[in-house]
Amino acid sequence: MSGKKQIFVLSGQSNMAGRGGVKHHRWDGVVPPECRPNPSILRFSARCHWEEAHEPLHRDIDTSKICGVGPGMAFANALLPRLSDEAVLGLVPCAIGGTAIKEWERGSRLYEEMVRRARKAAELGDGGEIKAVLWYQGESDTTSHGAAEAYAANIEKLIRDLRMDLSLPSLPFIQASPGFLLHPQVAIASGDKHYIEKIREAQLGISMPNVLNVDAMGLPLSEDNLHLTTEAQVLLGNLLAEAYAKHDSAIDGL
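Keep in mind the model is a prediction, meaning the values are calculated, not measured. (Residues numbered from 1 in each chain as written. Predicted model: local features only at pLDDT ≥ 70, side-chain atom pairs only at ≥ 80, totals over all residues. Heavy atoms only, no water.)

**Q** Kindly report on the pairing of strand β8 (residues 173–177), identifying the contributing residues and their values.
**A** Burial analysis of β8 places five of its five residues in the buried class, the great majority of the element. Here β8 shows a buried face lined by Phe 173, Gln 175 and Ser 177 and a second buried face lined by Ile 174 and Ala 176. As paired elements, strand β7 (residues 129–136) and β8 share four bridges and run parallel to each other. Across the sheet, Tyr 136 pairs through a bridge with Ala 176, a residue of β8. Traced from β7 through helix α4 (residues 145–165) to β8, the parallel crossover comes out right-handed. Of the strand pairs in this sheet, β8 and strand β10 (residues 211–215) are connected by five bridges, and their pairing is parallel. The partner of Ile 174 across the bridge, within β10, is Leu 212. (Buried < 20%, exposed > 50% of the residue type's maximum accessible area, 1.4 Å probe, protein only. Helix = DSSP H or I, 4+ residues; strand = E, 2+ residues; numbered from the N terminus. Pairing = 2+ DSSP bridges. Right-handed = clockwise from strand over helix to strand, strands pointing away.)

**Q** Lay out the layout of surface pockets with the relevant residues and their values.
**A** In this structure, the largest pocket encloses a volume near 420 Å³. What lines the largest pocket is a set of 18 residues, and nearest its centre among them are Arg 19, Val 22, Ser 222, Asp 224 and His 227. Taken together, the residues of the lining of the largest pocket sort by class into three nonpolar, nine polar and six charged. (1 Å grid on protein atoms, 1.4 Å probe; cavity = no way out; pocket = protein on both sides within 12 Å on 5 of 7 lines; lining within 4 Å. Points joined across faces, edges and corners; volume = space filled by probe spheres on them. Nonpolar A, V, L, I, M, F, W, Y, C, P; charged D, E, K, R; others polar.)

**Q** Tell me about unusual backbone geometry, and please be specific about residues and values.
**A** With an omega dihedral of -10°, the bond running from Glu 55 to Pro 56 counts as a cis peptide bond. Within the secondary structure, Pro 56 sits in the loop between β5 (50–52) and α2 (72–79). Phi is positive for Cys 48, which is not a glycine, with a value near 65°. Position of Cys 48 relative to the elements: it lies in the loop between β4 (41–44) and β5. Exposure remark for Cys 48: the relative accessible area of 9% places this residue in the buried category. For Asn 210, which is not glycine, the phi torsion reads 60° and is therefore positive.

**Q** Go over the pattern of salt bridges with me, naming the residues and quoting the values.
**A** Counted by the stated rule, this structure contains 18 salt bridges. Salt-bridge contacts for Arg 43 lead to Glu 51; the nearest nitrogen and oxygen are separated by 2.4 Å. By relative accessible area, Arg 43 is classed as buried at 0%. Among the salt bridges present, the one from Arg 200 reaches Asp 215, with a minimum N-O distance of 2.6 Å. Here Arg 200 is found in helix α5 (residues 193–204), whereas its partner Asp 215 is found in strand β10, with 15 residues between them in sequence. Arg 200 gets classed as buried once you look at its relative accessible area, which sits at 6%. Residue classification places Asp 215 among the buried positions, given a relative accessible area of 6%. (Salt bridge = Lys/Arg side-chain N within 4 Å of Asp/Glu carboxyl O.)

Dropping the structure here:
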């Protein structure tokens, strides 16, 4: 489908890439109605082509693991009715499971690939704009005191660098926090209990403009107590859409 796209970058680690419905190294193939395909929801493939989006969104991006349902399709389906009839949503999957925040610093392979894909998606987006980054990461930084202590500085630097390199100084950064509750930055909801709270404090305590927090605490986890279930991913996608829509409305009202 052609048309000016509203582009959203999906990044972070496994709970953004999506492990909903994955058990014993296999995805069960169950796609909830909230994650159904829609001709107005597109995905930027690993080969940098726009195509109609469907689960799993990260199937050719996070290739070392089995991907399942993530929050991206639920987010897009929840947001689309709030937009104009002509709106086209473009999702740019970039998340890689098991990655720590330092692996996303400027100059790293993952960071540079995320920036490259975001730029290319906008270039091929028929005049489209990058509207926000959806970020779910932090579990891999709950394994040591040093990583947890450094997280606040590292995530803030990531946001500053990404905005600068995309030439979008006010780009909304919607983060889900691990642990774990529900709130855009998605505050993590799973990870090592000794340092989860330190990571969550860092994420929820960011005072930079246009950084939104979605708290993933309390969302259902799978048997591994780390990955969100399909049901949880649908809830998370809806929360991310709600947070973005409220923020966008507030900006429009200024």
